[in-house]
Amino acid sequence: MEPKTLKKARVMTRPKANTLDPQGVVVKSNLERSLNIKYLKKVSIGRYIEVELDEGPEEDVKKNIQEAIDKLLYNEIIEDYEVIYE
């Protein structure tokens with residue numbers, strides 16, 4: 001069986017639970033006040049980053065993506081992230 005080639009990395013960031021999310025606060029307020037949407041406890045705004053990958057050894061590809069995440073794609077002080085490889 002041939003090893004699976006990684007084609008994409010999907011990185012989703014979101015504010016940490018204990019971090020103020022001003023964008024989420026504004027969206028929640030507008031949903032409630034302007035659009036009469038109810039039962040909202042909290043709204044968090046994150047980011048979705050999709051990276052198309054060139055072929056390479058899976059371990060090296062994942063190492064490089066992790067380096068990109070650590071250096072640029074998320075802020076470890078205020079965000080959490082999840083990465084999904086396809």
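Structure first, text after, so check above.
Residues numbered from 1 in each chain as written. Predicted model: local features only at pLDDT ≥ 70, side-chain atom pairs only at ≥ 80, totals over all residues. Heavy atoms only, no water.

A. How the structure looks around the sheet that holds strand β2 (residues 47-52). Pairing in this open sheet of three strands is antiparallel, and the strands run β2-β1-β3 from one edge to the other. Both edges of this open sheet fall to β2 and β3 (79-85), since each of them pairs with a single strand only. Across this sheet, the average inter-strand angle for adjacent strands is 20 degrees, counted without regard to direction. As paired strands, strand β1 (residues 8-15) and β2 are joined by six bridges and run antiparallel to one another. Bridging from a neighbouring strand, K8 pairs with E52 of β2. Here helix α2 (residues 58-73) sits on the sheet and contacts β1, β2 and β3; the angle it forms with β3, its principal contact strand, is near 155 degrees. (Pairing = 2+ DSSP bridges. Helix = DSSP H or I, 4+ residues; strand = E, 2+ residues; numbered from the N terminus. Axes fitted to C-alpha atoms, helices over the stretch in contact; angles between N-to-C directions. Contact = heavy atoms within 4.5 Å.)

B. Representation of α2 within the structure. Turning to α2, its buried residues number three or more, namely V61, I65, I69 and L73. Along the long axis of α2, the arc covered by the buried residues comes to 80 degrees, so they all point the same way. With respect to the buried face of α2, the exposed residues turned more than 90 degrees away are E59, K63 and K71. (Buried < 20%, exposed > 50% of the residue type's maximum accessible area, 1.4 Å probe, protein only. Arc of directions from axis to C-beta.)

C. Geometry of the pattern of salt bridges. Within this structure, the stated rule accounts for seven salt bridges. Notably, a salt bridge pairs K71 with E67, separated by 2.8 Å at the nearest N-O pair. One end of the pair, K71, and the other, E67, are both in helix α2, four residues apart, so they sit about a helical turn from each other. For K71, a relative accessible area of 64% translates into the label exposed. Judged by its relative accessible area of 35%, E67 is partly exposed. Here the salt bridges share partners, and the residues they tie into one network are K8, R10, E50 and E86. (Salt bridge = Lys/Arg side-chain N within 4 Å of Asp/Glu carboxyl O.)

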